[in-house]
Amino acid sequence: AVDVFAFGVTLFELLTGTLPYKHGTTAEVVRRHRDDPPAKLAGYGDFPADVVRVVDALTARYPAARPTARAAALELAAVQ
């Protein structure tokens, strides 16, 4: 689940140029990750609905809400 999240954050940053959690000190980022939901991709541009759905699922706050790596790969392959 951590690798899936990290991949989602990487995709989010590649698409938007920023991270789903605002920059700050390490302690601030950890607190934001614990207390605040991540930013949604839709708020950063006009992306296809399928891309928004996949990236938002990958960066879901709770690990149980994230797809498995295999499911994520299948979803991304379908988006192409």
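Summary of the structure given here. If you're wondering where the values come from, they're calculated on a predicted model, not measured in any experiment. (Residues numbered from 1 in each chain as written. Predicted model: local features only at pLDDT ≥ 70, side-chain atom pairs only at ≥ 80, totals over all residues. Heavy atoms only, no water.)

A short note on the nonpolar core
As a reminder, the rule being used: To form a nonpolar core, buried Ala, Val, Leu, Ile, Met, Phe, Trp, Tyr and Cys residues must be joined to one another through side-chain atoms within 4.5 Å. Residue exposure (1.4 Å probe, protein chains only): buried if accessible area is under 20% of the type maximum, exposed if over 50%, otherwise partly exposed. Helix and strand definitions here come from DSSP, where helices need a minimum of 4 consecutive H or I residues and strands a minimum of 2 consecutive E residues; each element is numbered from the N-terminal end. Whether two residues are in contact is decided by their heavy atoms, any of which lying within 4.5 Å being enough.
Core analysis: the largest hydrophobic core is formed by 11 residues, namely Val4, Leu11, Phe12, Ala39, Leu41, Val51, Val52, Val54, Val55, Leu58 and Ala72. Here this core gets 5 residues from one element, more than from any other, and that element is helix 3 (residues 49–58). Once you skip the residues sitting within four places of it in the chain, leucine 11 turns out to touch Val55, Leu58 and Leu76.

Some words on the packing of aromatic side chains
Counted only if it meets this: Each Phe, Tyr or Trp ring (for Trp, its six-membered ring) is paired with any other whose centre lies within 6.5 Å, and the angle between the two planes then decides the class: stacked below 30 degrees, edge-to-face above 60, tilted in between.
Using the criterion set out here, one finds 1 aromatic pair in the structure. Residues phenylalanine 12 and tyrosine 44 carry aromatic rings whose centres are separated by 5.2 Å and whose planes lie at 75 degrees to one another, so their mutual orientation is edge-to-face. Within this pair, whereas phenylalanine 12 is found in helix 1 (residues 2–16), its partner tyrosine 44 is found in the loop between helix 2 (26–35) and helix 3, the two being separated by 32 residues in sequence. On the accessibility criterion, tyrosine 44 (31% relative accessible area) is partly exposed.

Notes on the pattern of salt bridges
Put simply, the rule is: The salt bridge definition used is simple: a Lys or Arg side-chain nitrogen within 4 Å of an Asp or Glu carboxyl oxygen.
Under the criterion given, the structure shown has 3 salt bridges. The salt bridge involving aspartate 35 is made with arginine 31; its shortest N-O contact spans 3.7 Å. Here aspartate 35 pairs with arginine 31, and both are found in helix 2, just 4 residues apart, close to one helical turn. Residue class for aspartate 35 comes out partly exposed when judged on its relative accessible area of 34%. Classification of arginine 31 as partly exposed rests on a relative accessible area of 34%. A salt bridge links arginine 53 to aspartate 50; the nearest nitrogen and oxygen atoms lie 3.9 Å apart. One end of the pair, arginine 53, and the other, aspartate 50, are both in helix 3, 3 residues apart, so they sit about a helical turn from each other.

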